[in-house]
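The lines below spell out each chain.
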Amino acid sequence: MKKEGKELLFLVPVCMHNIWGGVKLREDFGYPVEGDGIGECWGVSAHPEGDGTVRDGAYKGRKLSELWAEHPELFGNLQYDRYPLLTKIIDAQDDLSIQVHPDDAYARKNENGSLGKTECWYIMGCKEDATIVIGHNAKDREELKQMVAEGRWQELIREIPIHKGDFIQIDPGTVHAIKADTLILETQQNSAITYRLYDYGRLQNGKPRELHIEKSLDVITVPAKSAEESVESISNLPENTLNQIYTCEKYTVFKMDVNGSAVFEQSYPFLAASVLEGDGSVDGSEVHKGDHFIIPNGYGKVEMNGSMSLILSTVER
Ligand code: ZN
């Protein structure tokens with residue numbers, strides 16, 4: 001079923017292999033990707049390294065980047081030069097390297113006009129007593145430089161406990177890393193600029209992976225935001241409601257837990273939606289865990305049925 005002149009844009013995601021990835025994205029989510037070490041599913045992406053394709057309907061076969069360029073009305077005719085967001089599911093079976101991202105100004109100047117990267121994580125699953133790397137313990141830039149130069153990583157890196165249902169905002173300049181056995185939904189700016197600060201001394205094909213110490217030291221925020229301010233639990237939100245969980249200059253993120261029937265108005269430029277768990281339908285289209293779709297501009301009333309959890313995102317006009 002579709003509404004007159006407006007249809008949901010379901011996307012075929014692009015999966016990525018990573019040395020730290022697992023097999024959940026194939027085995028639990030059913031994405032058709034071979035091999036082990038599947039670290040990322042780029043669910044709603046128009047990035048050149050992983051540009052999603054429309055799965056069916058009037059725009060079947062078109063890339064999201066093409067739709068953005070050719071049909072700006074679907075996204076509310078926004079003043080951005082590219083689709084501004086990137087939604088990923090990340091399955092870490094091993095610890096990821098410890099990273100930091102630049103902001104737009106630094107990236108524009110030092111990374112060929114790329115956007116910087118602000119991102120946020122919703123913890124879909126993790127083991128008991130799980131932790132995540134967020135922030136650092138250096139009190140000023142001098143101490144930061146010294147700790148890095150002396151390799152005092154244990155002292156420098158701050159690890160804090162996480163649980164399923166936590167939300168973590170990662171502003172540019174925030175030292176961060178996902179640890180093993182963590183499944184997250186990431187909403188981020190459409191950018192892949194990452195500076196690797198520390199890789200636990202690991203080797204890949206007998207060699208350490210490249211680090212970006214100088215650039216990391218340029219962009220790391222000192223002192224870091226407090227541990228308490230870094231992680232927020234957002235379990236126990238009202239059901240069948242589009243709950244706004246975070247908003248900043250780069251994106252607004254919502255959580256929606258459908259149990260039975262939910263109706264809301266799509267009054268945003270667009271809504272990018274990812275089904276994290278469960279099954280149901282959206283205006284008569286069946287949806288399952290792992291589906292990603294865009295509810296276009298001007299869509300109006302949205303009716304969801306079933307039992308499922310979604311994360312949705314948009315940007316400001
Ligand atoms: Zn990151």
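Quick note: structure is the one above.
Residues numbered from 1 in each chain as written. Predicted model: local features only at pLDDT ≥ 70, side-chain atom pairs only at ≥ 80, totals over all residues. Heavy atoms only, no water.

## A few points about the pattern of salt bridges
So, step 1. With the rule as written, the count across this model stands at 25 salt bridges.
So, step 2. With its nearest N and O atoms 3.2 Å apart, the salt bridge here joins Arg55 to Asp56.
So, step 3. By relative accessible area, which is 31% here, Asp56 ends up partly exposed.
So, step 4. Where Glu143 meets Lys139, a salt bridge forms, and the shortest distance between an N and an O atom there is 3.5 Å.
So, step 5. Members of the salt-bridge network, linked through shared partners, are Asp94, Asp199, Arg202 and Arg209. (Salt bridge = Lys/Arg side-chain N within 4 Å of Asp/Glu carboxyl O. Buried < 20%, exposed > 50% of the residue type's maximum accessible area, 1.4 Å probe, protein only.)

## Quick notes on the coordination of the zinc ion
So, step 1. Every protein donor of the zinc ion is accounted for by His101 (NE2), Glu119 (OE), Glu119 (OE) and His176 (NE2), and the metal-donor separations fall at 2.0 to 2.6 Å.
So, step 2. Classification of Glu119 as buried rests on a relative accessible area of 1%. (Donors = N, O, S within 2.8 Å, 3.2 Å for Na, K, Ca; no water.)

## Structural notes on unusual backbone geometry
So, step 1. Cis geometry marks the peptide bond from Val222 to Pro223, where omega comes out at -10 degrees.
So, step 2. Considering the arrangement of structural elements, one finds Pro223 in the loop between helix 6 (213-219) and helix 7 (227-230).
So, step 3. Of note in this structure, Asn112 is not a glycine but carries a positive phi near 50 degrees.
So, step 4. Mapping Asn112 onto the fold places it in the loop between helix 3 (104-110) and strand 9 (119-126).
So, step 5. Not every positive phi belongs to a glycine, and Tyr200 is a case in point at roughly 60 degrees.
So, step 6. Take Tyr200: it is sitting in the loop between strand 15 (195-198) and helix 6.
So, step 7. The class of Tyr200 is partly exposed, set by a relative accessible area of 27%. (Helix = DSSP H or I, 4+ residues; strand = E, 2+ residues; numbered from the N terminus.)

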